[in-house]
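Take a look at the letters that make up each chain.
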Amino acid sequence: QVQLVESGGGLVQAGGSLRLSCAASGTIFGINDMGWYRQAPGKQRELVAIITRGGTTNLADSVKGRYTISRDKAKPTVYLQMNSLKAEDTAVYYCYARYVSTAYWGRGTQVTVSS
């Protein structure tokens, strides 16, 4: 079992920045990919950013150039630095981790961008 706890969400004005953190605990030795998804009201959950155990990253086109994902394998913790935030970035952001072939999710943290 893997537990994921997110932190760092909140309310920010358009153009501002936030940094999300997600700490994993439990059976962490087999964690492969970690990352972030988001879900806006009335929309499906979508991929924001993923980072592999080897450090390869994949970001959604809508956030490229504005968001950066990074990972501390020793902890392990994944971070999402969000800059130049837009109103359309408003959503609940969920941390994700893949342990072997099983996906684990955090409870989510709200990010609200006011325009």
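In this text the structure is predicted, and so the values were computed from the model without any measurement.

Conventions and cut-offs
- Residues numbered from 1 in each chain as written.
- Predicted model: local features only at pLDDT ≥ 70, side-chain atom pairs only at ≥ 80, totals over all residues.
- Heavy atoms only, no water.
- Helix = DSSP H or I, 4+ residues; strand = E, 2+ residues; numbered from the N terminus.
- Rg over C-alpha atoms; globule rule 2.2 N^0.38 Å.
- Buried < 20%, exposed > 50% of the residue type's maximum accessible area, 1.4 Å probe, protein only.
- Contact = heavy atoms within 4.5 Å.
- Lys, Arg positive; Asp, Glu negative; His and termini not counted.
- Charge placed at Lys NZ, Arg CZ, Asp CG, Glu CD.
- Phe/Tyr/Trp six-rings, centres within 6.5 Å; stacked < 30°, edge-to-face > 60°.
- Disulfide = S-S within 2.5 Å.
- Pairing = 2+ DSSP bridges.

Peer 1: Whenever I open this one, the overall build of the chain confuses me. Can you help?
Peer 2: Along the chain, the regular secondary structure elements total zero helices and 11 strands. Order of helices (α) and strands (β) in the chain, N terminus to C terminus: β-β-β-β-β-β-β-β-β-β-β. The C-alpha radius of gyration computed for the chain amounts to 13 Å, which stays within 12% of the reference 13 Å derived for 115 residues, consistent with globular compactness. Overall, the chain is about 40 × 25 × 20 Å in size when its C-alpha atoms are taken along their principal axes. When the 115 residues of the chain are sorted by exposure, 43% land in the buried category. A separation threshold of at least 6 residues defines the contact pool for the chain, and within that pool the share at least 24 residues apart is 52%. Across the chain, 13 positive and 7 negative side-chain charges occur, with their mean positions spaced 5 Å apart.

Peer 1: Help me out: how do you make sense of the packing of aromatic side chains in this one?
Peer 2: To describe a pair of aromatic rings, one takes the distance between the centres and the angle between the planes. Overall, the coordinates contain three aromatic pairs when judged by the stated rule. Ring geometry for Tyr37 and Trp105: centres 5.0 Å apart, planes at 75°, overall edge-to-face. Residue Tyr37 is located in strand β4 (residues 31–39), and its partner Trp105 is located in strand β10 (residues 102–105); the two are separated by 68 residues in the primary sequence. On the accessibility criterion, Trp105 (37% relative accessible area) is partly exposed. Centre to centre, the rings of Tyr96 and Trp105 are 5.3 Å apart; their planes meet at 55°, and the pair counts as tilted.

Peer 1: Quick question: what am I supposed to make of the state of the cysteines here?
Peer 2: Note on terminology: disulfide describes a covalent bond linking the sulfur atoms of two cysteines. Overall, the coordinates contain one disulfide when judged by the stated rule. Paired by a disulfide, Cys22 and Cys95 hold their sulfur atoms 2.0 Å apart. Residues Cys22 and Cys95 are joined through a disulfide that is left-handed, its torsion about the S-S bond being -85°. Of the two residues, Cys22 sits in strand β3 (residues 18–26) while Cys95 sits in strand β9 (residues 91–99), which places them 73 residues apart along the sequence. Residue Cys22 shares its accessibility class with Cys95, and that shared class is buried.

Peer 1: Before we go on, may I ask you to explain the pairing of β9 in this structure?
Peer 2: On a regular strand, one side chain projects to one face of the sheet and the next to the other, so that they alternate. Alignment of β4 against β9, held across seven bridges, turns out to be antiparallel. For Met34, the partnering residue across the bridge sits in β9 and is Ala97. For β9 and strand β11 (residues 109–114), the ladder comprises three bridges, and the chain directions are antiparallel. Pairing of Ala91 across the sheet is with Val111, part of β11.

These figures come from the coordinates and say nothing about function on their own.
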